Amino acid sequence: MHIANGMYGMVLVEPEKGLPPVDKEFAVLQSEFYAEETGEEGVLANSYPRGLTEDATSVVFNGREGALTDKPLVVRQGERVRIFFGNAGPNLVSSFHVIGQIFDKVYREGDLISPPARGVQTTLVPAGGAVVVEMQTDVPGSYTLVDHSIFRIDKGAVGFLKVLGPDPRHDLYASMQPPAFCAGCKLHN
């Protein structure tokens with residue numbers, strides 16, 4: 001019940017000699033809430049029956065819907081990024097993915113001792129589990145963090161990684177079409 005009520009956190013235990021240096025590190029924690037109306041305006045209560053059926057009313061990053069869209073993670077072009085990603089649960093497995101990126105290092109299940117997996121696009125994170133991912137930010141733009149159980153975007157599991165930089169790197173990525181954003185879409189901003 002404490003997890004379902006939002007009482008959770010993430011603890012990092014690094015190897016004795018630490019991890020290789022990167023330019024930026026971020027912590028992102030996914031969780032889900034099972035709520036029901038209380039009859040009082042703006043007040044919800046934890047719903048044990050919804051938890052039993054795993055029918056989450058919200059699936060969010062960093063505690064609330066919009067936490068990483070209102071205040072995106074921001075880096076400069078060319079920086080190496082490490083994300084410590086945890087899944088507080090209490091029930092759902094996460095399929096963590098950053099749209100437009102490949103994780104060149106993935107320390108699955110929080111294992112910082114074994115060699116990392118390489119070239120992974122989506123990684124499974126069990127409820128109560130964690131992963132550490134690293135990526136290079138070669139192309140400026142807005143990259144979308146999602147739980148690739150994709151309908152969870154509409155429940156709040158979406159955020160942005162903004163890569164700021166002057167060089168569009170047309171040698172790596174170029175489109176003949178101008179950007180087109182869809183009204184109300186949670187994947188763009």
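Conventions used here
- Residues numbered from 1 in each chain as written.
- Predicted model: local features only at pLDDT ≥ 70, side-chain atom pairs only at ≥ 80, totals over all residues.
- Heavy atoms only, no water.
- Pairing = 2+ DSSP bridges.
- Helix = DSSP H or I, 4+ residues; strand = E, 2+ residues; numbered from the N terminus.
- Axes fitted to C-alpha atoms, helices over the stretch in contact; angles between N-to-C directions.

> Help me understand the sheet that holds strand β9 (residues 122–125), please; the structure alone is not making it clear to me.
The pairing of strands in a sheet happens through backbone hydrogen bonds and is either parallel or antiparallel. Taken together, the five strands give an open sheet; going across it, the order is β5-β12-β11-β7-β9, and neighbouring strands pair in mixed fashion. Edge strands, defined here as strands with exactly one partner in the open sheet, are β5 (73–76) and β9. Between one strand axis and the next, the sheet turns by 20° as a mean value, whatever way the strands run. Pairing geometry for strand β7 (residues 94–99) and strand β11 (residues 141–147), over four bridges, is antiparallel. Within β11, the residue paired with Phe96 across the bridge is Asp147.

> Honestly, the sheet that holds strand β6 (residues 80–89) in this entry has me stumped. Any pointers?
The strand order across the open sheet built from five strands is β4-β1-β6-β10-β8, with neighbouring strands paired in mixed fashion. At either margin of the open sheet sits one strand with a lone partner, and together these are β4 (58–61) and β8 (105–107). Ignoring strand direction, the axes of neighbouring strands in this sheet form an average angle of 15°. Here strand β1 (residues 24–33) runs beside β6; their pairing, made up of eight bridges, is parallel. Each bridged residue has a counterpart across the sheet, and for Gln30 the counterpart in β6 is Asn87.

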